[in-house]
Amino acid sequence: PITEEQKSIIKSTAPILKENGKEIASIFYKRMFENHPELLDIFNQTNQKIGTQPLALANTIYFAAENIDNLEILMPQIKHITHKHRALTIQPEHYPIVGKYLLLAIKQFLGEKSTQDILDAWATAYNIIANIFIDLEKKLYDELGPTEEDKGFVPLIIVKKEVIAHESIVALTLERPEHGKMFNFHVGQYLTIRIKKDGNFHNRHYSLTRPFDGKIYSIAIKIENMNEIKGIVSNEIINNYNIGDTILASFPAGTFQLVGNGKHHLFIGGGVGITVLSSMIHELNNQGKSNDVILIHCVQSEDYAAFNNELKAILPQGHYQLFCKDQRLGKDTLNKILKSDTQVYICGSAPFMDKIESLLIEYGHPSSQIYVKAFQPTLSTTKD
Ligand code: HEM
């Protein structure tokens with residue numbers, strides 16, 4: 001167990017990590033990948049480059065150490081991370097590797113300031129949280145049944161591929177070969193796709209855009225700027241994968257979901273953020289609740305509005321509202337559509353979500369009824 005003294009050591013050294021996340025990240029990754037090049041197939045190149053990933057890792061350990069007597073309050077974040085780990089097929093034997101290089105990076109970064117007490121405190125905290133993750137992830141793997149193959153990446157065939165908005169978003173329909181077992185999922189979850197390029201695997205998560213029908217998975221992919229590293233998987237699929245081709249995917253994961261007993265639902269999507277909201281809206285419609293759903297979709301211009309025709313078709317008149325570039329979503333609009341019990345789901349770029357969340361809070365809507373679908377690594381920023 002971790003001692004009070006170790007907790008206070010973690011607390012006093014965590015800010016150093018927070019302020020120097022990028023440098024520590026580069027030490028951590030460089031050394032770890034030199035010694036374990038196989039991990040290059042798991043880690044996302046973008047998040048590594050910008051340093052959010054190790055920062056997220058160190059922050060999680062810090063939060064966990066700080067709340068070690070009451071880890072329940074971190075459960076939502078912990079669950080979210082374990083889902084992502086499971087989707088990426090992280091295994092128990094990976095934990096000692098990450099722990100080792102994280103500690104080495106901390107040691108190297110602290111230089112003369114590093115003492116055995118500091119390193120021991122971080123090692124203890126790391127092991128506690130690692131064991132929690134390993135246990136929870138085992139449960140998630142177990143849910144995928146007894147077949148070993150189903151717990152990793154399996155081949156799926158592209159049965160449909162179509163451009164759905166302004167030549168910038170491509171929808172894919174995927175099926176398991178020979179009608180193999182497809183796992184059920186809840187709306188709000190994502191599918192993790194893996195492709196091989198330049199000798200390594202690259203993974204990316206895509207929201208499922210339709211509720212499960214027992215046979216297929218639907219996702220939508222946005223074309224990214226060719227020069228940006230974040231587009232590796234998306235651009236490769238769009239440019240080089242066609243109907244009939246096979247792609248690798250792990251089975252759906254993720255903790256974002258509809259509020260079970262919610263009465264009124266407001267969805268606010270920015271651009272391609274509509275993908276995840278789309279499946280949730282379809283689900284509520286399937287349950288006969290479309291009268292209680294309102295969607296606000298904010299886009300550059302109407303031709304960027306993916307899924308607009310099908311969503312308009314299932315929602316009552318006036319419940320689908322399109323906001324184009326220069327139209328601002330403001331309090332007057334909220335006045336007309338928000339009820340005190342409305343559950344609000346937001347998905348879009350980080351600045352978009354921040355802006356909308358602030359607007360709602362300022363308006364006085366309870367933060368416990370606002371759900372933000374985060375794309376950045378969880379806990380990569382510390383909220384004071
Ligand atoms: C993602 C924490 C162990 C691989 C994450 C995220 C956090 C995190 C906070 C961000 C989740 C998000 O995207 O919202 C931790 C902690 C660990 C741990 C606290 C140990 C106690 C591991 C291990 C591996 C691993 C052992 C595998 C070698 C990854 C990968 C991602 C991830 C590949 C996705 C990052 C990306 O692709 O950008 N982890 N993790 N993690 N973790 Fe871990």
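One numbering rule holds for all chains: residues counted from 1, following each sequence as written. A pLDDT threshold of at least 70 governs which residues receive local features in this predicted model, and a stricter bar of 80 or more applies before side-chain atom pairs are shown or counted, although totals over entire chains, interfaces and linings include all residues.

In the annotation of an unreviewed UniProt entry, the chain is listed under the name nitric oxide dioxygenase and assigned to Adineta steineri. UniProt positions are given in the numbering used here, feature names are shortened, and annotations may be inferred rather than shown by experiment. Quoted straight from UniProt, the Cofactor (unreviewed entry) entry for the chain says "heme b".

Draft legend 1. Representation of the overall build of the chain in the model. Strands are runs of DSSP state E lasting at least 2 residues, helices are runs of H or I lasting at least 4, and numbering of each runs from the N terminus. A count of helices and strands for the chain gives twelve helices and eleven strands. To get the radius of gyration, use the C-alpha atoms; to get the globule rule, take the number of residues to the power 0.38 and multiply by 2.2 Å. Relative to the globule expectation of 21 Å for 384 residues, the C-alpha radius of gyration of the chain, 22 Å, shows essentially globular dimensions. Across its three principal axes, the chain shows a C-alpha extent of roughly 65 × 50 × 40 Å. Expressed as a percentage of the 384 residues in the chain, the buried residues total 36%. A fraction of 73% describes how many contacts in the chain between residues 6 or more apart in sequence connect residues 24 or more apart. Around each residue's C-beta, the other C-beta atoms within 10 Å are counted; 20 or more make the residue buried, 12 or fewer make it exposed, and counts in between make it partly exposed. All C-beta atoms are placed from the backbone. By the convention adopted here, residues are in contact when the distance between their C-beta atoms, placed from the backbone, does not exceed 7 Å.

Draft legend 2. Just the nonpolar core, in detail. The term nonpolar core refers to a group of buried residues, namely Ala, Val, Leu, Ile, Met, Phe, Trp, Tyr and Cys, whose C-beta atoms join them within 7 Å. By size, the foremost hydrophobic cluster in this structure holds 55 residues, and its most contacted members are Leu 277, Met 280 and Leu 295. All domain edges in this entry derive from an automatic or database-based domain assignment. Counting residues domain by domain, this core receives three or more from each of domain 2 (148-253) and domain 3 (264-372). Among the nonpolar cores identified, the runner-up in size contains 28 residues, and Ala 14, Ile 27, Tyr 29 and Ala 58 belong to it.

Draft legend 3. Representation of the domain arrangement of the chain within the structure. When its domains are assigned, the chain resolves into domain 1 (4-143), domain 2 (148-253) and domain 3 (264-372). Taken over C-alpha atoms, the centre of domain 1 sits 28 Å from the centre of domain 2.

Draft legend 4. Region of the structure containing the sheet that holds strand 4 (residues 200-207). Paired strands are those between which DSSP finds at least two bridges. Strand order in this open sheet of six strands is 4-3-6-1-2-5, and the pairing throughout is antiparallel. Every other strand in the sheet has two partners, leaving strand 4 and strand 5 (216-222) as the edge strands with one partner each. Neighbour-to-neighbour, the strand axes of the sheet open up by a mean angle of 40°, direction not taken into account. Bridge count between strand 3 (residues 190-197) and strand 6 (residues 246-253): four bridges; the pairing is antiparallel. Note on strand 6: the bridge partner recorded for Tyr 190 is Ala 253. Angles run from 0 to 180 degrees between N-to-C directions of axes, and those axes are lines fitted to C-alpha atoms, restricted for helices to the stretch in contact. Along the sheet, helix 5 (residues 75-87) contacts strand 3, strand 4 and strand 6; its crossing angle with strand 6, the most-contacted strand, is approximately 155°. Strands strand 2 (169-175), strand 3, strand 4 and strand 5 of the sheet are contacted by helix 8 (residues 232-240), whose axis makes an angle of about 75° with strand 3.

Draft legend 5. Examining the pairing of strand 1 (residues 154-165) more closely. Bridge count for strand 1 against strand 6 is four bridges, and the pairing is antiparallel. Looking at strand 6, one finds that Leu 156 is bridged to Ile 247. Connecting strand 1 to the antiparallel partner strand 2 that follows it, the hairpin turn spans three residues, and His 166 within it adopts a positive phi of roughly 40°.

Draft legend 6. Expanded view of the sheet that holds strand 11 (residues 370-372). One open sheet accounts for five strands, arranged 9-8-7-10-11; its pairing is parallel. Looking along the sheet, the strands with just one partner apiece sit at the ends: strand 9 (320-324) and strand 11. Put simply, the sheet's adjacent strands are angled 15° from each other on average, direction ignored. Summarising the sheet, strand 8 (residues 293-299) and strand 9 pair through five bridges and their orientation is parallel. The residue of strand 9 that forms the bridge with His 297 is Leu 322.

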